[in-house]
Amino acid sequence: MNLEQLASFVEVANTGHFTKAAATLHLAQPSLSRQISTLEKELGSELFHRAHGHISLTAAGETLLPSARRMLADAEAVRRDMDELAGLRKGRIRLGATPTLCVSLVAEAISGFHHEHPGVELELVEKGSRELIEALGAGELDLALITRTLSPSAQMPRLRMQGVLSEDLVVIAAAESPRAGLLFCPVTR
């Protein structure tokens, strides 16, 4: 039994006619008849009384109809839910970030994201970079914002890292300070 067979069954029950149901479903009438016949064989019961162009439900058909409608409605709800998740209209994202990033960048990013996608719940987890990578690997997070002090590919080959921000670390001293003339060697990563 499949959803196409159930949809065909429901349409024949609604219209009371194979030809009309086939037209509504954009099927050839013999194809629709085969679907109904296959469904009846799988269920071991006739679903329709067929008498001289008049179609009516059998007891088995009357029993199946509410369940078939419910199954089709549930399948449509699943399709809608998946479309909403794919389109970021609904769902939940578990985001991890380091404490430093949470203080500055993440709050602003969350505000913008929530404005763009109000139906998506954003759960924020604050941990160090190593713990966030472990949480990603364990499936506890969907995304993580980390400082690039280590590479997740070395620990977890299934994870992918994408740079999103580059920032300079600078030293500032008062001009009159005796330490102002110290030479600082830049560290690059």
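Our subject is the structure that appears above.
Below: a short report on this structure. (Residues numbered from 1 in each chain as written. Predicted model: local features only at pLDDT ≥ 70, side-chain atom pairs only at ≥ 80, totals over all residues. Heavy atoms only, no water.)

**Some remarks on the nonpolar core**
Of all hydrophobic cores here, the largest spans 16 residues; its most connected members are Phe-9, Val-12, Phe-18, Leu-32, Phe-48 and Leu-64. Broken down by secondary-structure element, the contributors of at least two residues to this core are helix H1 (3-15), helix H2 (18-25), helix H3 (29-43) and helix H4 (59-86). Here this core gets 4 residues from one element, more than from any other, and that element is H1. Beyond its immediate stretch of four places on either side in the chain, Phe-48 contacts Phe-9, Val-12, Ala-13, Phe-18, Ile-36, Glu-40, Ile-55, Ser-56, Leu-57 and Thr-58. (Core = buried A, V, L, I, M, F, W, Y, C linked by side-chain atoms within 4.5 Å. Buried < 20%, exposed > 50% of the residue type's maximum accessible area, 1.4 Å probe, protein only. Helix = DSSP H or I, 4+ residues; strand = E, 2+ residues; numbered from the N terminus. Contact = heavy atoms within 4.5 Å.)

**Focus: the packing of H1 against H3**
Packed helices, taken two at a time, are described by the angle between their axes plus the distance between the axes. At a closest axis distance of 9 Å, the pairing of H1 and H3 adopts a crossing angle of 110°. With respect to their mutual orientation, H1 and H3 come out roughly perpendicular. Residues Glu-4, Gln-5, Leu-6, Ser-8, Phe-9 and Val-12 of H1 form the contact with H3, whose own contacting residues are Leu-32, Gln-35, Ile-36, Thr-38, Leu-39 and Glu-42. Classifying every residue of the contact of H1 with H3 by side-chain character gives 6 nonpolar, 4 polar and 2 charged. (Axes fitted to C-alpha atoms, helices over the stretch in contact; angles between N-to-C directions. Parallel < 35°, antiparallel > 145°, perpendicular 65-115°, else oblique. Nonpolar A, V, L, I, M, F, W, Y, C, P; charged D, E, K, R; others polar.)

**Considerations on the pattern of salt bridges**
The final tally for this structure, using the stated rule, is 3 salt bridges. Its salt-bridge partner being Arg-92, residue Glu-123 comes within 2.7 Å of it at the nearest N-O pair. A residue pair is termed long-range when its members are at least 10 positions apart, and Glu-123 in strand S4 (residues 120-126) and Arg-92 in strand S3 (residues 91-97) qualify at 31 residues. When the shortest N-O distance is used, the salt bridge between Asp-142 and Arg-94 registers 3.1 Å. (Salt bridge = Lys/Arg side-chain N within 4 Å of Asp/Glu carboxyl O.)

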